[in-house]
Structures are given as structure tokens and as C-alpha cells.
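# Structural overview
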Amino acid sequence: MLTTTNRLTLEEYLKYDDGTDTCYELVNGELVPMSLGTGKHGAILKFLERIFDNQCAQVGQEWTALAGVVGVRSPRAGRWDTVRIPDVVVIPLEQWRNLQNREAVIELNEPPPLLVVEVVSESTKSTDYRAKRAEYSVLDIPEYWIFDPLNAKVTVLTLVEGWYDAVEFVCSDLIQSGIFPRLELTAEQLLGGNV
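Heads up: these notes are all about the structure in this document. What you see is a predicted model; the values in this text were computed from it and never measured. (Residues numbered from 1 in each chain as written. Predicted model: local features only at pLDDT ≥ 70, side-chain atom pairs only at ≥ 80, totals over all residues. Heavy atoms only, no water.)

### Topic: the overall build of the protein
Quick note on the threshold: The helix count covers DSSP runs of H or I at least four residues long, the strand count covers runs of E at least two residues long, and both are numbered beginning at the N terminus. Our radius of gyration is a C-alpha quantity, and the globule rule it is checked against amounts to 2.2 Å times the number of residues to the power 0.38. Think of it in three bands: residues with accessible area under 20% of the maximum for their type are buried, residues over 50% are exposed, and the middle band is partly exposed, with areas taken using a 1.4 Å probe on protein chains only. By definition, residues are in contact when any of their heavy atoms lie within 4.5 Å. In short, Shrake-Rupley with a 1.4 Å probe defines the accessible areas, and a residue's cover is counted only from the protein chains shown.
Looking only at helices and strands, one finds five helices and eleven strands in the protein. Whereas a compact globule of 195 residues would reach a radius of gyration of roughly 16 Å, the protein reaches 16 Å, a difference of no more than 12%. Seen through its C-alpha atoms, the protein measures out along the principal axes to roughly 45 × 35 × 35 Å. Residues classed as buried in the protein amount to 44% of the 195 residues present. In the protein, the share of contacts with a sequence separation of at least 24, taken over all contacts with a separation of at least 6, comes to 56%. Accessible area of the protein: about 10,300 Å², with a carbon and sulfur share of 50%.

Have a look at this one:
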């Protein structure tokens, strides 16, 4: 559901305040409200943030996982800007420190996140599986994970020669990740939001 009829520039979007706590993505210059999500959605995000931070330490990288606080400017074609706010991003700590002194939007000329996650809901499933998959691949984001509690599966998309190869994990399948090769959790554990 779009809420604006007048299209906004990136600059207008970054300054936009409607006096509510509603968070918006910018899609082709139009504000799209992000739903709060279910408690399960929130539990998955909190769990992933903790798990990914632990995995960053295990692989010896100075990376951090952030839930819902970093925007990614999209290369989506057209005259109007698009900014996505992934449910979770994994980025280098240095990049996060640099974003703290300005709007937390990763620009097109900056390194992309190492990994992004979207948690599917009824209202976002088409966007998460189609539009964001195309946009994130063009940005060269190495891994894109789609958590789908509606269908009890986790899809890990790995960038190979500019396109995403997808592997679906269900039930007791151990998740396989190039970014986090030491991860030893099943799809069921991750979708449950706890172990």
C-alpha cells in the first residue's frame, strides 16, 4: 500500500517526518509503510542479530548485524529513488561507524552489505522474493536470506557471476552459508527464533 501521491527525492525522503513512528521505505519516489510485523517476526530478527554477531566473532571479522536500522539505496531503474530497509544487514563495523554521523543509508557508490535478510509476511512476499532479489543482486550483495515463516523455509541466495543461486532449507536441514561457514543451525531453529 502506497501512502503518498507526490513522489519524493532521496533528500526529501531522508528529511520526511509525518509526526508518527511509522517507518517507510522509498520505492520509486513513493513512501511505502513498513508494517510492525508479528511477535514471531521480531523474535526472528532479535535472534538473527545475536546469532550473526556471534558468527562474526567466530570467523574473526569485525562485522556487525543490525536489525531494521540501515537503509540500502537501490539501483532500481527509473527516474525516482528507491531505498530499502532490510530486516537485518551484516556490514563491517567501520562502515557502521561511518553511518553513525549521517543518515544510515548505504549509497550506490559505497560497499554493499555482506548479507541481507528479509522476513516474509503476507504483504511482503512478492516484493521479498522478486523485486528485492533483483535489486540486491545488482548491488552485488554476496548473500540474501529470505525467511519465510508462512511456508516454514529459509532460502539462502548466493551471488554467483551477478545472479543469485538459491537453496531452500526446511525442517532439520542445516543452513549453509559462505559468509558464515561455521553456522550450525537448522531452518527450524532459525525460524523458531530461538535454540
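### A look at the pairing of strand 2 (residues 30–33)
Going by this rule: One bridge is not enough; two strands pair if DSSP finds at least two bridges between them.
By the bridge criterion, four bridges tie strand 1 (residues 24–27) to strand 2 in an arrangement that is antiparallel. Residue pairing in the sheet places Tyr24 in a bridge with Pro33 of strand 2. In this structure, the hairpin formed by strand 1 and strand 2 is closed by a connection of two residues, where Asn28 is found at a positive phi of approximately 50 degrees.

### Section: the sheet that holds strand 11 (residues 163–170)
To keep it simple, the criterion reads: Only the contacting stretch of a helix is used when fitting its axis, a line to C-alpha atoms as for every element, and angles between N-to-C directions run 0 to 180 degrees.
Here six strands make up an open sheet; going across it, the order is 3-6-8-9-10-11 and the pairing mixed. For this open sheet the edge positions go to strand 3 (63–67) and strand 11, each flanked by a neighbour on one side alone. Between one strand axis and the next, the sheet turns through 20 degrees on average, direction left out of account. This element, helix 2 (residues 39–58), spans strand 3, strand 6 (88–92), strand 8 (115–119) and strand 9 (143–148) of the sheet and lies at about 175 degrees to strand 3.

### Observations regarding the nonpolar core
The condition that has to hold: By nonpolar core is meant a set of buried Ala, Val, Leu, Ile, Met, Phe, Trp, Tyr and Cys residues that side-chain atoms within 4.5 Å join together.
Core analysis: the biggest nonpolar cluster contains 28 residues, and Phe52, Val90, Val117, Trp145, Phe147, Ile175 and Phe180 have the highest contact counts within it. When residues of this core are traced back to their parent elements, those giving at least two are helix 2, strand 3, strand 6, strand 8, strand 9, strand 10 (153–160) and helix 5 (187–192). With seven residues, helix 2 is the largest single contributor of residues to this core. Of all hydrophobic cores here, the second largest spans 18 residues; its members include Ile106, Tyr136, Leu139 and Leu157.

### Focus on helix 4 (residues 125–138)
Along an α-helix, residues three or four positions apart point the same way, because every turn accommodates 3.6 residues. The condition is simple: Expected helix span is computed as 1.5 Å times (number of residues minus one).
With 14 residues, helix 4 extends 20 Å from end C-alpha to end C-alpha; this agrees with the ideal 20 Å at 1.5 Å per step. The set of residues buried in helix 4 consists of Asp128, Lys132, Glu135, Tyr136 and Ser137. Packed against the buried residues of helix 4 are strand 1, strand 5 (83–84), strand 8, strand 9, strand 10 and strand 11.

### Re unusual backbone geometry
Peptide bonds are, in most cases, trans, and in most cases residues other than glycine have a negative phi. Backbone geometry places Asn28, a non-glycine residue, at a positive phi of 50 degrees. The class of Asn28 is partly exposed, set by a relative accessible area of 22%. Non-glycine residue Ala152 carries a positive phi angle of around 50 degrees.

### Focus: the side chain of Ser177
Threshold: Residues adjacent in sequence count toward polar contacts only when both atoms are side-chain atoms; beyond that, a polar contact is any pair of N or O atoms within 3.5 Å, and within protein one must be able to donate a hydrogen and the other to accept it.
Looking at where Ser177 falls in the secondary structure, it is placed in the loop between strand 11 and helix 5. Its relative accessible area of 10% is what places Ser177 among the buried residues. Polar contacts involving the side chain of Ser177 include one to the side chain of Glu143, which spans 2.8 Å. A distance of 3.2 Å separates the side chain of Ser177 from the backbone nitrogen of Ile179, its partner in a polar contact. For Ser177, the residues in contact, after removing those within four places along its chain, are Glu143 and Trp145.

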